[in-house]
Structure formats: structure tokens, C-alpha cells
Amino acid sequence: MSKFLSRQYRKLIPYTPGEQPKDQRLIKLNTNESPYPPGPETLKALKGREPEQLRLYQDPDSVRLKEAIAGLYRVQKENIFVGNGSDEILNFAFMIFAGEGGKIYFPEISYGFYRVFAELYQTDYCMIPLTEDFSVDPQDYVCRDGMIVIANPNAPTGKALPLYRIEDIVRTNPEHVVVIDEAYVDFGAESAMSLIHKYENLLVVQTFSKSRSMAGARLGFAAASPALIADLERIKFSTNPYNVNRLTAALGIAAVRENSYYMENCRRIMRTREYTAEKLAQMNFSVLPSAANFLFAKSDRIGGRELYQKLRDRGILVRHFDKARITEYNRITVGTEEEMEEFLTAVKEILEERDGETI
Ligand SMILES: *Cc1c(COP(=O)(O)O)cnc(C)c1O
């Protein structure tokens, strides 16, 4: 830390992204990326005229990209904001919607970035504990006195709330923005997108990173009332008007065109998820019911940290969080069928080895 850093940022603890290993041989089940490549249309977009045009700034209003996304969800382009990953959109939302002296509510166990953003903007925040079974209790969020942020499905638990519960939260907080972070919605949860015409305080945030195989392209979008979208645009034009680069915009438009390719991948991942969950349960793991592209599981035969380490020794990377209430768990991204077979075999061997040791 230099002596120049403003005092207000000196205690800020940044978000810790999951490891991106240099070793390509590792089976990577730690950051919820898609195991499948972008579709053929998407890849073709990289070979078209777009790369040649890189010398030019792109359309700062991202009109074509917005129209494509709006078309997919049957809303107007005025309902859509696009960002450099959904993290950027969440960042903006925390920056501008909490209100002066306002407060932000989010679940205690959820996406780690929420807390970082709240700290960054020095906004008062309240982390609401999950219930005994790791659910978000919607009752905890009705009629609150501040902005609300909920990941649905939640991470790292994978549990989802039904749409009518989300609507209760949005309806009973008309004076505050309710952000529904739907990074994993395409893996089996109900989207709140259909409510944006009904509630001016609802901001639905999605991403191309997980269900559309584009984590490295950085593309997120939000759907909301035109007034909320205009607020986000105001901040975008006050920080980085070209937030979604030319190539990423072209990729996004192509990805929307071949949406069915990505949705088929999601269904395949969901099948692999259910298969893997069943196999883990047969090995006596407790596995939370997941509506996402990952599983959150613990064994009573081996500690969470130890399992993480032993998998790593065998070249399989999962995500472990050093947080008291979830330290026995690991979050396992659902990979290809083959990757999950290798994962399951490794788990079985680790457990057998361990039983051998203790006998
Ligand atoms: C991955 C993730 C994001 C961020 O996605 P990007 O679009 O890649 O920035 C946001 N929210 C949750 C809950 C996530 O898991």
C-alpha cells in the first residue's frame, strides 16, 4: 500500500476470485464456467469484419446488442443495460441505488462481491443469515428500509426461490431497488424478468459468463424499468462509455442468435448435475438441491478443506470457502460427463484411502 491511497480505501478487502490455474491439465470445477465452448455462430463472429474495425470506437449505446437481448426476452431495448460482466452492473447498482445514508440487505452466505461493493461505497449493510437448511427466507426481506440484493439461485448454495416469493419482496419494498442477481437462472430457476413492467424498483441482472460460455468475454446485462436503466446509463457515461468492447458486443449478438445451442448445453449440464448429486448422495454426502451449474456438498467422512486439498493433489480443482458455517462444504462446478466421472472416481478413492488410514 502506498502512502497515496486515500484513507477511506485502506481497510478495503478486495474480492478473491477463484483460482485460474496456469496448468491446463487440471480439471477445473472451481469457478462455475461452462465446460462447453461458445457455439459455432459465436466463434464465427470473431472472424467477420469486427476485428478489422477495432481501430474505431464502438457504438457507446450498444444499440444492436441491446436490441438482440431485448428481442430474446420480448422487452424493449430501453429495458436493457449491458455491462462489462454482470459484476460491473452490480458495482453500479451498489454505487447509485442505496441512497444517501441508506442501507443494503443481502444474505450472509451469498456472492462475496456484495460485501466488497458495500464496503467500497461505505454503505451501511446488513447480512441476513440463511435458515437452518441454507435457504434465503423471503420473510426476512419483505418491507425493509433499504436496497435489497438477492442472488437467485443463490451462490454458493445453488438454492432458488420461486418467482412468487421474489415478487413478494419486490412488491413490499416499493421505495427501494431490489436487485435480483440471476447469474445462474438458466440452470433451472424462474426468472423475475417478467416482472419488470410491473415494478419500477426491480433490477434483474444476468450474465453471459455461465450459461453462455463467455466468462472471458465479459458480458452482463440488466433488465428493468426504463428509468432504472437510464440511471445506470448515466453512471456508465460518467465512468466508461465504451464498457462493452466491440468484439464482445459482436459475440453477444451472435450468441443470442444461437440461443438454443446454449440452452441445450444448460439442459445437458442440469442432467449431469442430477447424476453427480445422486452419486455423491450414494457416498453419503449431503448435497443441497441445486438450480445452478454447481453443487454444494459435504461429507461426514472427510472435512471440506481436506477434501478440497486431496482433490487438488489429484488435479481436480473445486472451490472451498474458509467461512465457519460452510467450511465443511465444497462448491463443485458441473463439468462434462467425463469430468464428473473423474471427479466421482477421485472422491471415492480419497474416501477409501481415508477409511484405510483410520482403521
Ligand atoms: C459469476 C457471478 C457473477 C459475475 O458474473 P460476471 O458476469 O462474469 O461478472 C455475478 N453474480 C453471481 C452470483 C455470480 O456467481
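Right, let's walk through the structure included here. Keep in mind it's a predicted model, so treat the numbers as computed, not measured.

**Things to note about the side chain of asparagine 30**
(1) Moving on: Within the fold, asparagine 30 resides in the loop between β1 (27–28) and α1 (40–45).
(2) Moving on: Classification of asparagine 30 by relative accessible area gives buried; the value is 2%.
(3) Moving on: Within polar-contact distance, the side chain of asparagine 30 engages the side chain of lysine 28 at 2.8 Å.
(4) Moving on: Contact partners of asparagine 30, with chain neighbours within four places excluded, come to Gly18, Glu19, Leu317, Val318, Arg319, Arg331 and Thr333.

**Some thoughts on the pairing of strand β6 (residues 178–181)**
(1) Moving on: Residues Val178 and Ile180 line one face of β6 and the alternating positions Val179 and Asp181 line the opposite face, and both faces are buried.
(2) Moving on: Looking at chain direction, strand β5 (residues 147–151) and β6 are connected through 4 bridges and run parallel. Within the sheet, the bridge partner assigned to isoleucine 150 lies in β6 and is isoleucine 180.
(3) Moving on: The parallel pair β5 and β6, bridged by helix α5 (residues 163–171), forms a crossover whose chirality is right-handed.
(4) Moving on: One ladder, built from 4 bridges, connects β6 with strand β7 (residues 202–207); its direction is parallel. The residue of β7 that forms the bridge with valine 178 is leucine 202.

**Quick word on the sheet that holds strand β8 (residues 220–224)**
(1) Moving on: Judged by pairing direction, the sheet is mixed, and its 7 strands sit side by side in the order β2-β8-β7-β6-β5-β3-β4 without closing on themselves. Each edge of the open sheet is held by one strand with a lone partner, namely β2 (80–83) and β4 (124–128). Going from strand to strand, the sheet's axes swing by 20° on average, the running direction of each strand aside.
(2) Moving on: Here 4 bridges tie β2 to β8, and the two strands are oriented antiparallel to one another. Opposite isoleucine 80, over in β8, you have alanine 223 as the bridge partner.
(3) Moving on: The strands touched by helix α6 (residues 226–239) within the sheet are β2, β7 and β8, with β8 carrying the most contacts at an inclination of about 140°.

The rules behind these values
- Residues numbered from 1 in each chain as written.
- Predicted model: local features only at pLDDT ≥ 70, side-chain atom pairs only at ≥ 80, totals over all residues.
- Heavy atoms only, no water.
- Helix = DSSP H or I, 4+ residues; strand = E, 2+ residues; numbered from the N terminus.
- Buried < 20%, exposed > 50% of the residue type's maximum accessible area, 1.4 Å probe, protein only.
- Polar contact = N/O pair within 3.5 Å; in protein donor to acceptor, adjacent residues only side chain to side chain.
- Contact = heavy atoms within 4.5 Å.
- Pairing = 2+ DSSP bridges.
- Right-handed = clockwise from strand over helix to strand, strands pointing away.
- Axes fitted to C-alpha atoms, helices over the stretch in contact; angles between N-to-C directions.

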